[in-house]
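Coordinate analysis (summary)
Chain residues, written in single-letter form:
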Amino acid sequence: MTPLPVRYGPGPHQPIDDWLEHLASDNSLTSSALCTLLRDGGGTTRFLPVLLDAATTTAITDLTTSRPERTRRATLQRFDGTGALDLHGLDTHRWSTWRRVAARGWISATGTTACPRCLVTDGTWNLAWRLATTTVCAQHGTYLIDTCPSCRRRFLDHPHTTLRAAPGVHCLNPIGHRDTCEQDVTALAAQAAPDDAIERQHRHDRALAGEPVAMLGSPTPGRQYLTDTRALAVLLLHLARQPGAETLADWAGEVRPATEPATRWHLHPPAAAALRSTVLTCADHILTTGDLDAACDRLDPWLGLAPPGPESRLGWLADHTRMTPGLTRLVMAALAPHRRTSHALAARPCHLDARWIPQVLPNGLYRDHAATLFTTREYTPRLFLSLCLARRAGATTWADAATVLGLDSEIGTRTARAISARTHLDNAQLIEALDAITNRLDIDYTARAATVDRLTTRRAWFDDWCTEYRPGTRPTSHRYAVTWLWEHWAHALPAASPGWTTAPDRYQRALYRQFATSLRRPATTALVDVAHRTHREENP
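So, here's what we can say about the structure. (Residues numbered from 1 in each chain as written. Predicted model: local features only at pLDDT ≥ 70, side-chain atom pairs only at ≥ 80, totals over all residues. Heavy atoms only, no water.)

**So, the overall build of the chain**
Inclusion rule: Helix and strand definitions follow DSSP, with helices as H or I runs of at least four residues and strands as E runs of at least two, each counted in order from the N terminus. For a compact globule the rule gives 2.2 Å times the number of residues to the power 0.38, and the radius of gyration it is set against comes from C-alpha atoms. Note on exposure labels: buried denotes an accessible area under 20% of the residue type's maximum, exposed denotes more than 50%, and partly exposed covers the range between, all computed with a 1.4 Å probe on protein chains only. The protein chains shown are the only cover counted for residues, whose accessible areas, like all others here, come from Shrake-Rupley with a 1.4 Å probe. A positive count includes Lys and Arg, and a negative count includes Asp and Glu. His and the chain ends are not counted in either. Every charge is mapped onto a representative atom, which is NZ of Lys, CZ of Arg, CG of Asp or CD of Glu.
The helix and strand tally for the chain stands at 23 helices and 6 strands. The C-alpha radius of gyration of the chain comes to 33 Å, more than 25% above the 24 Å expected for a compact globule of 540 residues. Viewed in the frame of its principal axes, the chain has a C-alpha envelope of about 110 × 45 × 40 Å. Relative to its full complement of 540 residues, the chain shows a buried share of 52%. As displayed, the chain offers around 25400 Å² of accessible surface, 51% of which is attributable to carbon and sulfur atoms. Separation between the mean location of the 59 positive side-chain charges and that of the 54 negative ones in the chain comes to 5 Å.

Written out as C-alpha cells, the structure is:
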C-alpha cells in the first residue's frame with residue numbers, strides 16, 4: 001500500500017479518529033475515502049476508536065508509517081486492563097461480542113466529553129476524555145463538558161460513520177440528512193471543579209499510568225484503586241436512592257428516588273460529568289482515608305440506608321454492585337458489631353463537655369446503669385462506656401474518642417474490637433444506659449487529672465501521709481500513691497498515670513496492684529482528702 005504524501009503519528013493523548021481526520025484533511029482526502037483505504041487490506045473500522053485488528057493496524061502503518069504500538073495507544077485499548085476498562089473477549093469482526101464488553105458497564109463505543117480550554121490550546125481531542133471515570137480537567141480545574149448544548153448529544157457521537165466529515169474543534173454531530181452540528185466547542189464555558197474533585201482526578205490519572213495509590217492506609221496498585229472506586233461509586237448511587245440519603249450528601253437529590261424504576265448504575269453511570277465526578281469523589285474520600293477504621297466510619301452511615309428485607313444487609317449490598325476483594329473487606333469491617341454501635345452513637349449525639357467524661361467510668365455508675373449489658377470483666381466495659389460518651393460528644397471514630405479522653409488513639413480502636421468480639425450489645429439498651437450515666441456526670445475529671453499531675457512533683461504530702469498511715473513505706477512508693485489517686489479519684493487509666501516516668505512493665509504493674517490492695521480504708525480516705533484539699537486550693 002502506497003504511503004500518504006503527508007505522514008505523521010498521533011499526538012501523545014490524541015484519539016485515533018481525531019488523528020485520522022486531520023490526516024485525511026492534510027492529504028486532501030475525504031474521511032470516507034481514507035476509511036475505504038483502511039478496509040482494503042481486509043480489516044474493519046467497526047470498533048476503530050476502541051480496538052484495532054491486525055489488518056487495520058497494518059494498513060494504518062503502511063499509510064502513515066506510524067509504529068503499531070503508537071497507533072494502538074491512540075485507541076481505548078491503551079487503557080485495557082488498567083481497571084478503567086476491560087476489553088477481554090471483543091472481536092472486531094463480530095458485533096455481538098460488544099455485548100460482553102458493554103455488560104461490564106461504564107463504556108461507550110462512541111462519544112466523548114471535552115475541555116474547551118484544552119481544545120483552544122492544541123486543537124486536538126484527548127483520548128482519556130472518553131473514559132466515564134475521567135470527569136475533570138486537572139490542568140484547568142474544570143469539569144469536562146458532557147453534552148453539546150446545540151444537538152443535545154455527546155461530542156464525537158456519529159454512530160453511522162467512522163470519522164467526521166472534517167477535523168477540528170466543532171461538534172459536527174449529524175443532526176439530519178447531510179446536516180451537522182456547527183457548535184464551536186472552544187466557545188463553551190466549563191464549570192469550575194472543587195479541590196477534592198481535582199485531587200481525585202489526579203489520583204485517577206496516576207492510577208491509569210500504573211502508579212500505586214494510597215488506599216485504606218497502604219499503597220495499592222492503580223488497577224485495584226480504579227476498580228474499587230468504581231464499585232463503591234455504584235453502591236453509593238443505589239444507596240442514594242433510599243430515603244434519608246439527602247442528609248448524607250447533597251447530590252443524592254439528583255438521583256432518582258427508590259419509588260421510581262431502578263437505574264442499572266453498574267451499566268450506565270450518571271450522564272452529567274459533574275454528578276459523576278461528585279459520586280466518584282465521595283467513593284474516593286472513603287477509600288483514601290487514613291486507615292480501615294476511618295474508612296468504615298465514613299461508610300457506616302451509608303450502609304445504614306440499605307432497606308430491610310428478607311435478605312441480609314450484606315446480601316442487598318452484594319446484589320447492587322460488584323463486590324471486589326477490597327470493597328468486600330471494607331464492607332465486612334463496616335458491618336462488624338462495633339461498627340453498628342458507632343452508627344447508633346452517631347445517630348444519638350448529646351451536648352456533653354469532654355471535661356466531664358472520665359477516662360474510665362466510675363464503678364458505681366457502671367454497676368447502677370450498665371453492668372447487665374456486658375459479659376466481660378468490668379474494667380474493659382467501663383473504658384468502653386467512656387469512649388461511647390466521647391463518641392456522643394462529637395468524636396467521629398473510636399481512635400478520636402480515645403484522643404479526646406487523653407489516651408493513645410490505638411486504645412480506642414482496640415477496646416471497641418474487644419467488646420464486639422466478646423459481647424453482643426443491644427444498641428437501644430446501650431443508649432438508654434448512656435443517657436442515664438450522662439445525667440449523673442457532675443465532676444470535672446480533667447481538672448482532677450490536672451490536680452493529680454501536680455501532686456506528682458510534690459513530696460511533702462506523701463511523707464506526711466506515710467508517717468500517719470503507712471510507717472516504713474519506701475519513698476519509691478510515691479508513684480504508686482499518685483497512680484492510686486489517678487485511678488480511683490480522677491478515674492483515669494492507670495497505665496497513663498503521671499506517676500510513671502516510663503510506660504510501666506508487667507512487674508511494675510504487679511507492684512502497684514500489691515500496693516493498692518494493701519491500703520486500708522483510713523489510708524485511702526486520707527489520700528482522697530489530700531487530693532480534695534489540693535484541688536480546692538488551686539481551684540477556689
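**Points about empty space enclosed by the protein**
Left-over empty space is what a probe sized like a water molecule reveals as it rolls over the atoms. This is how it is decided: Only protein atoms enter the 1 Å grid, on which a cavity is a set of points fitting a 1.4 Å probe that cannot get out and a pocket is an open set with protein on both sides within 12 Å along at least 5 of 7 lines, lining residues being those with an atom within 4 Å of a point. Grid points are joined across faces, edges and corners, and a volume is the space filled by probe spheres set on the points.
If you walk through the whole model with that rule in mind, you get 2 cavities of 30 Å³ or more. As a volume, the largest cavity reaches approximately 60 Å³. If you trace the largest cavity, you find it lined by Gly83, Ala84, Thr133, Arg200, His204, Tyr225, Leu226, Thr229 and Arg230. Secondary-structure elements contributing two or more residues to the lining of the largest cavity are helix 7 (195–208) and helix 8 (222–239).

**Focus on the state of the cysteines**
So the rule is basically this: To count as a disulfide, a pair of cysteine sulfur atoms needs to be within 2.5 Å.
Going through the model one piece at a time under the given rule, you end up with 0 disulfides. Cysteine Cys35 shares no disulfide, and the gap to the nearest cysteine sulfur, in Cys171, comes to 18 Å. When its relative accessible area of 4% is taken as the criterion, Cys35 is described as buried. The closest cysteine sulfur to the non-disulfide-bonded Cys137 is located on Cys118, 3.6 Å from its own sulfur.

**Considering the packing of helix 7 against helix 9 (residues 273–287)**
Basically, it comes down to this: Geometry is summarised by axes, namely lines fitted to C-alpha atoms with helices restricted to the contacting stretch, and by angles between N-to-C directions that run from 0 to 180 degrees. Orientation labels follow simple angle bins: below 35 degrees gives roughly parallel, above 145 gives roughly antiparallel, 65 to 115 gives roughly perpendicular, and whatever is left gives oblique. Only heavy atoms enter the contact rule, under which two residues are in contact if any of them lie within 4.5 Å. Gly is put with the polar residues, along with every residue not named as nonpolar or charged; the nonpolar set is Ala, Val, Leu, Ile, Met, Phe, Trp, Tyr, Cys and Pro, and the charged set is Asp, Glu, Lys and Arg.
Across the interface, helix 7 lies against helix 9 with an axial gap of 9 Å and an inter-helix angle of 75°. Viewed along their axes, helix 7 and helix 9 adopt a mutual orientation that is roughly perpendicular. The residues of helix 9 that touch helix 7, namely those facing Asp196, Ala197, Arg200 and Arg203, are Ser277, Leu280, Thr281 and Asp284. Looking at the contact of helix 7 with helix 9, its residues break down into 2 nonpolar, 2 polar and 4 charged.

**Quick look at the packing of helix 10 (residues 292–303) against helix 12 (residues 325–334)**
It is the contact of helix 10 with helix 12, at a shortest axis distance of 9 Å, that shows an interaxial angle of 75°. Between helix 10 and helix 12, the angle falls in the class roughly perpendicular. On the side of helix 10, the interface is formed by Leu292, Ala295, Cys296, Leu299, Asp300 and Leu303, while helix 12 contributes Arg329, Leu330, Val331, Ala333 and Ala334. In terms of residue class, the contact of helix 10 with helix 12 is built from 9 nonpolar, no polar and 2 charged.

**Quick notes on the pattern of salt bridges**
This is how the line gets drawn: Within this document, salt bridges are pairs made up of a side-chain nitrogen of Lys or Arg and a carboxyl oxygen of Asp or Glu, the two lying within 4 Å of each other.
By the definition in use, this model includes 14 salt bridges. The closest approach of N and O atoms between Arg355 and Asp444, which form a salt bridge, is 2.6 Å. A residue pair is termed long-range when its members are at least 10 positions apart, and Arg355 in the loop between helix 13 (337–347) and helix 14 (363–369) and Asp444 in the loop between helix 18 (427–438) and helix 19 (445–455) qualify at 89 residues. Via salt bridges that share partners, Arg348, Arg392 and Asp435 belong to a single interconnected network.

**Observations concerning the layout of surface pockets**
Counted as a void, the largest pocket has a volume near 680 Å³. Secondary structure elements with two or more residues in the lining of the largest pocket: helix 6 (116–122), strand 1 (136–137) and helix 7. Grouping the constituent residues of the lining of the largest pocket by class yields 12 nonpolar, 9 polar and 4 charged.

**Section: the nonpolar core**
Defined as follows: Only buried Ala, Val, Leu, Ile, Met, Phe, Trp, Tyr and Cys residues count toward a nonpolar core, and they belong to the same one when joined by side-chain atoms within 4.5 Å.
Membership of the largest hydrophobic core comes to 62 residues, with the highest contact counts inside it found for Leu232, Trp251, Leu299, Trp302, Leu317 and Leu330. Elements supplying a minimum of two residues to this core: helix 5 (98–102), helix 7, strand 5 (213–215), helix 8, helix 9, helix 10, helix 11 (313–319) and helix 12. The residues contacting Trp302, other than those within four sequence positions of it, are Leu236, Leu239, Ala240, Leu248, Ala249, Trp251, Cys282 and Ile286. Cys350, Ala401, Leu407 and Leu425 belong to the second-largest nonpolar core, a separate cluster that totals 37 residues.

**Observations regarding the packing of aromatic side chains**
What counts is decided by this rule: Note on aromatic pairs: the rings of Phe, Tyr and Trp (six-membered ring only in Trp) are paired at centre separations within 6.5 Å, and the planes decide the class, stacked below 30 degrees, edge-to-face beyond 60, tilted for the rest.
A full pass over the atoms with the stated rule returns 13 aromatic pairs. Relative to Phe515, the ring of Trp465 has its centre 6.5 Å away and its plane inclined at 55°; by these criteria the two rings are tilted. In this pair, Trp465 sits in helix 20 (residues 460–469) while Phe515 sits in helix 22 (residues 506–518), placing the two residues 50 residues apart along the sequence. Like Phe515, Trp465 is buried. A ring pair is formed by Tyr480 and Phe515, whose centres lie 5.9 Å apart and whose planes are at 40°; its orientation type is tilted.

**Here's the deal with helix 12**
What counts is decided by this rule: Taken from the helix axis, the directions to the C-beta atoms give the arc we talk about.
Those residues of helix 12 that sit buried are Gly326, Leu327, Leu330, Val331, Ala333 and Ala334. Down the axis of helix 12, the buried set is contained in an arc of 165°. They therefore lie on one face.

**Here's the deal with the environment of Arg7**
The condition that has to hold: Pairs of N or O atoms within 3.5 Å make up the polar contacts considered here, provided that, within protein, one atom can donate a hydrogen while the other can accept it, and that residues adjacent in sequence are counted only when both atoms are side-chain atoms.
By the secondary structure assignment, Arg7 is in the segment before helix 1 (16–26). Classification of Arg7 as partly exposed rests on a relative accessible area of 41%. The spacing of Arg7 and Arg203 is 196 residues in sequence and 35 Å in space, taken between C-alpha atoms. Those residues within four positions of Arg7 in sequence are excluded, and the remaining contacts are Leu23, Leu63, Thr64 and Thr65. Here Leu4 takes part through its backbone oxygen, which lies 2.6 Å from a polar atom of the side chain of Arg7.

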